[in-house]
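Residue strings, one per chain:
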Amino acid sequence: RLQLTKETGYAGFEAKPAEIGHPGEAVRAKCAAAGVTCVAIGAGPQEGIPYAAAAGAGILRTAVAKDQTKRWVEAAGERGIILTVHPHVGTRDTPGAVETREDLLRYLDERPGVFACPDTGHLALCGSDPVQTIRDLGSRCRYLHLKDLPAHRINNRHAPGEKFCELGTGALDLAGVLKALEEIRYEGWIMVERDSREPDYVQSAKNMRAVLRKQGC
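Calculation rules
- Residue numbers run consecutively from 1 along every chain, following the written order of its sequence.
- The model is predicted, so local features are restricted to residues of pLDDT at least 70 and side-chain atom pairs to those at 80 or more, both for listing and for counting; the totals for chains, interfaces and linings are taken over all residues.
- As a convention, hydrogens and water are excluded, and side-chain values are obtained from all of the structure's heavy atoms.
- Runs of H or I in DSSP of at least four residues are treated as helices and runs of E of at least two as strands, each being numbered from the N terminus.
- The globule rule used here is 2.2 Å times the number of residues to the 0.38 power, and the radius of gyration it is set against is calculated over C-alpha atoms.
- For every residue, the accessible area (1.4 Å probe, protein chains only) is compared with the maximum for its type, and the residue is labelled buried under 20%, exposed over 50%, or partly exposed between those bounds.
- Working rule for contacts: check all heavy atoms of both residues, and any pair within 4.5 Å makes them a contact.
- Think of it this way: DSSP has to see at least two bridges between two strands before they count as a pair.
- Seen with its strands pointing away from the viewer, a crossover is right-handed if its path from the first strand over the helix to the second goes clockwise.
- To obtain each axis, a line is fitted to C-alpha atoms, and for helices this fit is confined to the stretch in contact; angles are then taken between N-to-C directions over 0 to 180 degrees.
- Each angle gets one of four labels, with under 35 degrees taken as roughly parallel, over 145 as roughly antiparallel, 65 to 115 as roughly perpendicular, and the rest as oblique.
- Criterion for a salt bridge: a side-chain nitrogen of Lys or Arg within 4 Å of a carboxyl oxygen of Asp or Glu.

Colleague: Whenever I open this one, the overall build of the chain confuses me. Can you help?
Modeller: The number of helices and strands found in the chain is 10 helices and seven strands. Over its C-alpha trace the chain gives a radius of gyration of 17 Å, about what one expects of a compact globule, namely 17 Å for 217 residues. The 217 residues of the chain split such that 50% are buried. If you take every contact in the chain between residues at least 6 apart in sequence, the share linking residues at least 24 apart comes to 65%.

So this is what it looks like as C-alpha cells:
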C-alpha cells in the first residue's frame, strides 16, 4: 500500500488503526523506509492519540465530548498531535453531529483547541458551500479531505447512486477551494478521496493526482 501511495504520486496517507493492521511503531518504520508520511489517523482519542504518536502522525481525526475537550486536547498536544473534526453526512441524529458548515463552526466554538478537517464532498452533499466554509474557518482549518461529487448530489443526500466521483469529473469548484485555501494561508495537508473502490483504483488515483497538478498542486 505504501508503495502504491508513492507510485500514484501522493506523499502521504490517512487510515484507521484497524485498517492498517500493524502497531504504530511498525507503521513509522515502514513509512520511513518507503519515503511516505503517515499524515493522520482516524480513531477515538483514547486509541488514536497513542497510535498516532507511535506512527508519527501529527493529526488525529476524531470526535470529543464537550466536557472532555480540555483533557484530550492537552493529551494530544503533549505528543505533538492536533485534534480535527470532520463533517460527515448521515450523522444528524448523533449527539454532537457535524454535517454542515454551521455544525462545524458550532462544534469548534464549543471545543476550544479542536481544529477542522472540512470535507468538500460531505459539505456539498449536505448543502454547505465548501469554499465559503474554508474561508469562514480561517486558521481553524488545519487539514482537508478533498472529494468531488456529481452535480445532482449537491444538497441532495437522498439521491440514488454513488455520492462521490473522481476528482475533476464532478461539480466541485476545485479552483475555488484552492483559492480559498490560499486566502487563509493554508499550509497543511490535502487528502484526496474517492470513497469507493474502482475496478482500476490505481489509475483513478493517478487521474486525480494529475487534476491537482494541473491546478499547480
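Colleague: Could you clarify how one ought to interpret the pairing of strand β2 (residues 37-42) in this entry?
Modeller: On a regular strand, each side chain points to the face opposite its neighbour's, so the side chains alternate between the two faces of the sheet. Counting buried residues along β2, five of its six residues qualify, which places the element largely inside the surrounding structure. Relative to strand β3 (residues 59-61), β2 is paired through three bridges, and the arrangement is parallel. Bridge pairing links Gly42 to Arg61 in β3. Following the backbone out of β2, through helix α4 (residues 45-55) and into the adjacent parallel β3, one traces a crossover that is right-handed.

Colleague: What's the story with the packing of helix α8 (residues 130-137) against helix α9 (residues 174-183) in this structure? I'm lost.
Modeller: How two helices pack is summed up by the angle between their axes together with the distance between the axes. α9 packs onto α8 with a crossing angle of 5 degrees between their chain directions and a minimal axis gap of 9 Å. The orientation of α8 relative to α9 falls into the category roughly parallel. Contacts between α8 and α9 pair Pro130, Val131, Ile134 and Arg135 from the former with Gly176, Val177, Ala180, Leu181 and Glu183 from the latter.

Colleague: Honestly, unusual backbone geometry in this entry has me stumped. Any pointers?
Modeller: Residues apart from glycine generally show negative phi values, whereas peptide bonds are mostly found in trans. Residues other than glycine seldom take positive phi values, yet Asn155 does so here, at roughly 55 degrees. Here Asn155 is to be found in the loop between β6 (144-146) and α9.

Colleague: Just checking my understanding: could you explain the pattern of salt bridges for this structure?
Modeller: A side chain of one charge can pair with a side chain of the opposite charge if their charged atoms are brought near each other. In total, this model carries 13 salt bridges according to the counting rule given. Residues Asp119 and Lys147 are paired through a salt bridge, measuring 2.3 Å at the closest nitrogen-oxygen approach. Placement of the pair is Asp119 in the loop between β5 (115-116) and α7 (120-125) and Lys147 in the loop between β6 and α9, with a sequence separation of 28 residues. A residue is classified by how much of its surface remains accessible, and Asp119, at 0% relative accessible area, is buried.

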